[in-house]
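Here is how the chains run, residue by residue.
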Amino acid sequence: MAIYKAPRGTHDIYGRIALGLEKLDEYARTVFKKHNFKEIKTPMFEDAALFTRSIGEATDIVEKEMYLFQDKKGRNLALRPEGTASLVRAYIEHRLDMEEPVGKFFYCGDMFRYERPQAGRYRQFLQMGAEYLGNPNPNADVEIILLAKEILSKLNITDVVIHINSLGCDKCRPVFRQKLVEYFSSIQDLCDDCKRRLEKNPLRLLDCKIDSRKFQNVPAMQQCLCQECNEHFNKVQQLLKTVDCSYVIDDKLVRGLDYYTRTVFEVRSSAVGSHDAICAGGRYDNLVKELGGQQIPSVGFALGSERVLLAAEKTNFFDNIKTNDIVFVAVADEFLFDKAFAFANDLLINKNNICSKLNLPEKITVEGPLYNKSLKAQFKLADKIGAKKVVILGNDELVKNQVVVKDMQTQQQELISL
Ligand code: ATP
Ligand code: MG
């Protein structure tokens, strides 16, 4: 019986899920690099005010979900709940806008949110995200959407629905806000959160997961968009059509972070549950300035790695993860152990092309030798770990500089001179 358990909402990653995450990471990196996105690693904790300021005070993340703490010097810090704020902070701090006309960055790492744990919802979870800074044009929005889609399609997750909406800009959003306040004020028995947010942040009411009854004939942002925002949104849709990327317009999509402007999107998969997105993002034209930088219109997305793997359970992704063939080094006599140990090392570094002499591929995983076990027990073990071949070192063979290689599938043995 274990005395300790992982804290509520966290999970240990091992076995096939660890392999799946490694593969997802590899695929995502390939796609990011192909599109010329470069990696940024930021700290797992930051000044808490960075998140309050960027994500917004009247959001679930800031109101309820942040892991806040003070360090020994009394600094107010927070474990990062998302990646964009940190990345933009780093971008401004290191003047990365001076280096390139547009900044394209990606990140991978753990995020922390104090949420009610359930399938695909953890308190520590992994996100991968991309941020495209400095391109105000709709093609950047579409490239970001396509990037996410491309990563998912590498895992054969293609049954996705892309929801898009526009949240307008500083010019037209206040009109929408006012309409929402008027609309929701006339609705009885709003939930407590909604009542509180009605004045501060009425857009959040569209995101309420408690009560969807109140959404009959709710005003839509699209009817309030100014001409520029309208043109931008139309162009995004036109480009999506040009590249044959299907989407649905979703009036209720507002996202849980306040920094978004214009385009927002979510990628949903029926494999994960109809409400939960596996990937989400949008444009944030004012965030860099808001955090002390220049006016640098930007757009990005983040995907939840655990949720992506949940969706991948419904595809052949896990079956197709290739691992190296395992070659097991067995030793017939205990006194040959040291020789067998050195032999296993030769295999690992492919000394003098030993792999090809033994008809083994160059990329192999080597296991053994294991001390204190009979040859029979060693074979049993080799079988259990799925070894493809067993190389047996015996005294009679070694004096002639030979080894026996057994194919575990065909059970055939071959005597090979080294
Ligand atoms: P949700 O509506 O499901 O709470 P969100 O809008 O809060 O999601 P984002 O902040 O947009 O999520 O994060 C982007 C992605 O990160 C989500 O689409 C999801 O895949 C993943 N994600 C968010 N919160 C969690 C969590 N607590 N556990 C696991 N994955 C998460
Ligand atoms: Mg959330």
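Fair warning: this is a prediction, and the values are worked out from it, not measured in the lab.

About the criteria used
- Residues numbered from 1 in each chain as written.
- Chains lettered and ligands numbered in written order.
- Predicted model: local features only at pLDDT ≥ 70, side-chain atom pairs only at ≥ 80, totals over all residues.
- Heavy atoms only, no water.
- Axes fitted to C-alpha atoms, helices over the stretch in contact; angles between N-to-C directions.
- Helix = DSSP H or I, 4+ residues; strand = E, 2+ residues; numbered from the N terminus.
- Left-handed = near helix turned anticlockwise from the far one by under 90°.
- Contact = heavy atoms within 4.5 Å.
- Pairing = 2+ DSSP bridges.
- Parallel < 35°, antiparallel > 145°, perpendicular 65-115°, else oblique.
- Nonpolar A, V, L, I, M, F, W, Y, C, P; charged D, E, K, R; others polar.
- Polar contact = N/O pair within 3.5 Å; in protein donor to acceptor, adjacent residues only side chain to side chain.
- Buried < 20%, exposed > 50% of the residue type's maximum accessible area, 1.4 Å probe, protein only.
- Patch = residues over 30% accessible without salt bridge, like charges linked within 9 Å, V, L, I, M, F, W, Y side chains within 5 Å.
- Areas by Shrake-Rupley, 256 points an atom, 1.4 Å probe, with all protein chains shown as cover.
- Salt bridge = Lys/Arg side-chain N within 4 Å of Asp/Glu carboxyl O.

**Quick look at the packing of helix α1 (residues 15-34) against helix α5 (residues 138-154)**
Working step 1: Between α1 and α5, whose axes approach to 9 Å, the crossing angle comes to 145°. Considering only the axes of α1 and α5, their crossing is right-handed. Residue-level inspection shows Leu 24, Tyr 27, Ala 28, Val 31, Phe 32 and Lys 34 of α1 in contact with α5, the latter providing Leu 147, Glu 150, Ile 151 and Lys 154.

**With respect to the sheet that holds strand β4 (residues 76-79)**
Working step 1: Strand order across the open sheet formed by three strands is β2-β4-β3, with antiparallel pairing between neighbours. Edge positions in the sheet fall to β2 (45-47) and β3 (68-70), since each of these pairs with one other strand and no more. Each neighbouring strand pair of the sheet contributes to a mean axis angle of 40°, computed without reference to strand direction.
Working step 2: Pairing of β3 with β4, which is carried by three bridges, proceeds in the antiparallel orientation. Bridge pairing in β4 places Leu 68 opposite Ala 78.
Working step 3: Running over the sheet, helix α2 (residues 48-55) touches β2, β3 and β4 and is turned about 75° from β2.

**A look at the packing of α2 against helix α4 (residues 84-93)**
Working step 1: Here α2 crosses α4 at 110°, and the two axes come no closer than 9 Å. Taken as axis vectors, α2 and α4 run roughly perpendicular relative to one another. Facing α2, whose interface residues are Leu 50, Phe 51 and Ser 54, α4 presents Ala 85, Ser 86 and Arg 89.
Working step 2: Looking at the contact of α2 with α4 residue by residue, the classes come out as three nonpolar, two polar and one charged.

**Quick look at the side chain of Thr 315**
Working step 1: By secondary structure assignment, the location of Thr 315 is in the loop between α10 (305-312) and β12 (325-331).
Working step 2: At 3.0 Å, the side chain of Thr 315 forms a polar contact with the backbone oxygen of Leu 155.
Working step 3: Sequence-distant contacts of Thr 315, defined by excluding residues within four places in its chain, comprise Leu 155, Asn 156 and Ile 157.

**A look at unusual backbone geometry**
Outside of glycine, negative phi angles account for most residues, and trans bonds account for most peptide bonds.
Working step 1: Residue Pro 369 is bonded to the preceding Gly 368 through a cis peptide linkage, with omega at 0°.
Working step 2: By the element assignment, Pro 369 lies in the loop between β13 (364-367) and α13 (375-384).
Working step 3: For Asp 189, which is not a glycine, the phi torsion comes out positive at approximately 35°.
Working step 4: By secondary structure assignment, the location of Asp 189 is in the loop between α6 (173-185) and α7 (192-200).
Working step 5: Within the chain, Asn 352 stands out as a residue other than glycine whose phi angle is a positive 50°.
Working step 6: Within the secondary structure, Asn 352 sits in the loop between α11 (337-349) and α12 (354-357).
Working step 7: Residue Asn 352 is classed as exposed on the basis of its relative accessible area, which comes to 61%.

**Topic: a nonpolar patch on the surface**
Working step 1: A cluster of nonpolar residues, Met 44, Phe 45 and Phe 69, forms a patch on the protein surface that exposes about 270 Å² of accessible area.
Working step 2: Looking at where Met 44 falls in the secondary structure, it is placed in the loop between β1 (38-39) and β2.

**As for the sheet that holds β12**
Working step 1: In spatial order, the strands read β13-β12-β14-β15-β16; together these five strands make up an open sheet with mixed pairing. Strands at the two margins of the open sheet, each flanked by one partner only, are β13 and β16 (413-417). Direction aside, neighbouring strands of the sheet carry axes that sit 25° apart on average.
Working step 2: Both strand β14 (residues 389-393) and strand β15 (residues 402-407) contribute to a ladder of four bridges, which runs antiparallel. Across the sheet, Val 391 pairs through a bridge with Val 405, a residue of β15.
Working step 3: Sheet strands in contact with α11 are β12, β13, β14 and β15, and its direction is about 160° off that of β12.
Working step 4: Helix-sheet contacts for α13 involve β12, β14 and β15, and the interaxial angle to β12 is about 170°.

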